Amino acid sequence: MQIGIIARYGTEWNLGDVEPVTLGEGNTPLVPLPHLPGEPEVWVKVEGQNPTGSFKDRGMTVAVTMARAAGKRVVICASTGNTSASAAAYGARAGLTALVVVPEGQIAPGKMLQAQMYGARIVEVEGRFDRALALVREAVATHPEWELVNSINPYRILGQESAAYEVVDALEGAPDWLLLPVGNAGNITAYFRGFRRRGRGLPRLVGVQAEGAAAMVLGRDLEHPQTVASAIQIGKPASRAYAQEAMETSGGRFLAVSDSAILEAQQALARQGIFVEPASAAPYAGYRLLAAQGVFRPSERVVLVVTGNGLKDPATALAHNPIRSVRWDGADLARLEALI
Ligand code: F0G
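The structure presented is a predicted model; accordingly, all values stated were derived computationally and were not measured.

**Considerations on the environment of T316**
Phase 1 of the analysis: Mapping T316 onto the fold places it in helix α12 (residues 314-320).
Phase 2 of the analysis: When neighbours within four sequence positions are excluded, T316 is seen to be in contact with V228, L263 and P278.

Dropping the structure here:
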């Protein structure tokens, strides 16, 4: 049995006769939210169900497969956490060394733990993601046997196109709107290309950013991006130009949401059974903002891309949702019944 997205799309992508490095990524569920009269139909693309808990695995399988086929020995990336977890896992699977460079003290503990468990070498640098990425670019410029696996690697973007194909297949055509979080701006570029390659319509692409890290919304880079959504705490989106084109060509927009709106959206999604990390709640916060402005028509179809699993960042969730339990000395059925 063949698993993973290279088995499914490798021929279409002309990857050649390569041995896939796969963990069974892709094929994630598109879950409908309860439909309320007068509101559009909303689906959630649950990318946290990929092997390392984020959408990065779709691109990483292709980037690491091609790196190994080209004889590279090391995969290296800068990361706000998810790319490093994914690079570490696929690097391990491929028998390559993974070297991950992250901003010190800015990574959710679950993601650091993943990189550690998968056996990556971890470097923490002072400053933000953008600084880590600059170091990584410098490193690959002097080490031809090292492969950069950030989304500036075209194979990462190619692999991530697969999510758009899955949405088109599930809905039998493109939705009217697609909302997703934007950090380094690779994923919005991938969806744009994916919908175009499928040729069954292009949704309005809405890139949702955190207010404190809204480099696309503001149209300029930021030195000190700051948000509770650490995954998208990025000041200089590497794929800015592509993302701008995706937004403009599709008739979409960039949108900023506050940290408190992100945390409220995270809780609201969890109450629907979908627990995502803060960055991944941004599209739902954005949806609520636009819905309140009457932007969507009832006949329209809206897809929210939730990019990472909630268990990656338990610290943030716990800080805002302390465990509320009751503690009893003995088992007491009557008191148990009284809770309901
Ligand atoms: N959502 C999550 C959970 C992410 O981890 C990221 C990016 C994004 C959204 C934004 O995607 O960068 O393609 O616009 N995380 C990267 C990382 C930067 O290092 O894990 P983007």
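**Looking at the pattern of salt bridges**
Phase 1 of the analysis: Counted according to the given criterion, the structure contains 13 salt bridges.
Phase 2 of the analysis: Put simply, E147 and K72 hold a salt bridge, and the shortest N to O gap is 3.9 Å. Taken together, the positions of E147 in strand β6 (residues 146-148) and K72 in the loop between α2 (56-69) and β3 (74-78) put the pair 75 residues apart, joining distant regions of the chain.
Phase 3 of the analysis: Residue K72 is classed as buried on the basis of its relative accessible area of 19%.
Phase 4 of the analysis: Two residues, E300 and R297, come together in a salt bridge whose shortest N-O distance is 3.7 Å.
Phase 5 of the analysis: Owing to a relative accessible area of 7%, E300 belongs among the buried residues under this scheme.
Phase 6 of the analysis: When salt bridges with common partners are traced through the structure, they connect R8, K45, E47, R58 and E166 into a single cluster.

**A few points about the packing of helix α6 (residues 154-171) against helix α7 (residues 186-198)**
Phase 1 of the analysis: One way to put it is that α6 packs onto α7 with a least axis distance of 7 Å and a crossing angle of 55°. The orientation of α6 relative to α7 falls into the category oblique. As for how α6 packs across α7, the hand of that crossing is right-handed. Here α6 contributes I157, L158, Q160, E161, A163, A164, Y165, V167 and V168 to the contact with α7, which in turn contributes G186, N187, T189, A190, Y191, R193, G194, F195, R197 and R198.
Phase 2 of the analysis: Split by residue class, the contact of α6 with α7 holds 10 nonpolar, five polar and four charged.

**Some words on the site of the ligand**
Phase 1 of the analysis: In the region of the ligand, 20 residues are neighbours, and S79, T80, T83, N184 and T307 sit closest.
Phase 2 of the analysis: In this structure, S79 approaches the ligand through a side-chain N or O atom, which is 2.7 Å from an oxygen atom.
Phase 3 of the analysis: When the ligand is considered free in solution it has 480 Å² of accessible area, and contact with the protein chains removes 99% of it.
Phase 4 of the analysis: Secondary structure elements with two or more residues in the shell around the ligand: α3 (82-94) and α7.
Phase 5 of the analysis: Here the residues of the shell around the ligand sort into seven nonpolar, 11 polar and two charged.

Definitions and cut-offs
Residues numbered from 1 in each chain as written. Predicted model: local features only at pLDDT ≥ 70, side-chain atom pairs only at ≥ 80, totals over all residues. Heavy atoms only, no water. Helix = DSSP H or I, 4+ residues; strand = E, 2+ residues; numbered from the N terminus. Contact = heavy atoms within 4.5 Å. Salt bridge = Lys/Arg side-chain N within 4 Å of Asp/Glu carboxyl O. Buried < 20%, exposed > 50% of the residue type's maximum accessible area, 1.4 Å probe, protein only. Axes fitted to C-alpha atoms, helices over the stretch in contact; angles between N-to-C directions. Parallel < 35°, antiparallel > 145°, perpendicular 65-115°, else oblique. Left-handed = near helix turned anticlockwise from the far one by under 90°. Nonpolar A, V, L, I, M, F, W, Y, C, P; charged D, E, K, R; others polar. Near = heavy atom within 4 Å. Polar contact = N/O pair within 3.5 Å; in protein donor to acceptor, adjacent residues only side chain to side chain. Areas by Shrake-Rupley, 256 points an atom, 1.4 Å probe, with all protein chains shown as cover.

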